Amino acid sequence: MAGERLRFDGWIAGVGTASGTRLVVGHWPRSPFGAFSDVMVQRPDGERVLLAPSRRVAEFVSATYHFERIDVVPVAVTVSGAVSGAEWRVAAGGLELWLRTGRRSALGLVLSAVPAPLARSRTWAALCDVPARLMPGVRTLGSAGSGRREWYGARGLWPVREARAVLDGTDLGALAPLEPPVDFGFGSAPRTPSLVRVTTTVELTATAR
């Protein structure tokens, strides 16, 4: 029997840096926890850090993904401009990130045409998982922590053209691919720095409700 399903509707931005640190920002205007944003950081040595805005969010996210360190800190995301050419500013504890998107890709145009109910479905995620595997580390359906199942329904895709990041006072260097893939969970963000419009569904087990 399927467990309770929690849906998070928003955006995921993934960028690499010349220093080897990779950043994945989740910005969720609609979620079971209200509007919030969080950041997952993977350092060059593999250490995975969660920057979460509240203990409640930190507990849920860390039960779904894997981290060596969890910091509960204020997380603020501001967005200005249209999606193509938008500027994002992220402040999360010791992290300051600025990025700018480019024009929507051909794949992004296709994804934006998918009806929202279909994009949210597990069946669609399973179909998309096949071509997604052509991109190293990328998956749209899989097992998460605490016996949970999770799937992503992408509804738009934009390249990140520029980014600057400072972490704990250290400049992380120029924008770079997410390489190697991050491994917080069963799948990585795309290798090419990107902003994805997405609905994420997490299906809980009976004991995880």
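Residues numbered from 1 in each chain as written. Predicted model: local features only at pLDDT ≥ 70, side-chain atom pairs only at ≥ 80, totals over all residues. Heavy atoms only, no water.

**A short note on helix H1 (residues 55-64)**
No. 1: Within the sequence span of H1, burial applies to Val57, Ala58, Phe60, Val61 and Thr64.
No. 2: Along its buried surface, H1 packs onto strand S1 (5-17), strand S3 (36-42), strand S4 (48-52), strand S5 (69-72), strand S10 (149-167) and strand S13 (194-203). (Buried < 20%, exposed > 50% of the residue type's maximum accessible area, 1.4 Å probe, protein only. Helix = DSSP H or I, 4+ residues; strand = E, 2+ residues; numbered from the N terminus. Contact = heavy atoms within 4.5 Å.)

**Section: the packing of aromatic side chains**
No. 1: Inspection of the entire model under this criterion finds nine aromatic pairs.
No. 2: Relative to Phe33, the ring of Phe8 has its centre 6.0 Å away and its plane inclined at 40°; by these criteria the two rings are tilted. Of this pair, Phe8 sits in strand S1 while Phe33 is found in the loop between strand S2 (22-30) and S3, placing the two residues 25 residues apart along the sequence.
No. 3: For the pair Trp11 and Trp88, a centre-to-centre distance of 6.2 Å together with 70° between the ring planes defines the contact as edge-to-face. With Trp11 in strand S1 and Trp88 in strand S7 (residues 87-92), the pair connects residues that are 77 residues apart, well separated along the chain. (Phe/Tyr/Trp six-rings, centres within 6.5 Å; stacked < 30°, edge-to-face > 60°.)

**Describing the pattern of salt bridges**
No. 1: The final tally for this structure, using the stated rule, is 13 salt bridges.
No. 2: Measuring nitrogen to oxygen at the nearest pair gives 3.1 Å for the salt bridge that ties Arg43 to Glu47.
No. 3: A salt bridge links Arg122 to Glu203, with the nearest nitrogen and oxygen atoms 3.8 Å apart. With Arg122 in helix H4 (residues 122-132) and Glu203 in strand S13, this residue pair connects regions lying 81 residues apart in the sequence.
No. 4: Among the residues examined, Glu203 registers a relative accessible area of 10% and is labelled buried.
No. 5: Connected through shared salt-bridge partners, Asp9, Arg30, Arg155 and Arg197 make up one network. (Salt bridge = Lys/Arg side-chain N within 4 Å of Asp/Glu carboxyl O.)

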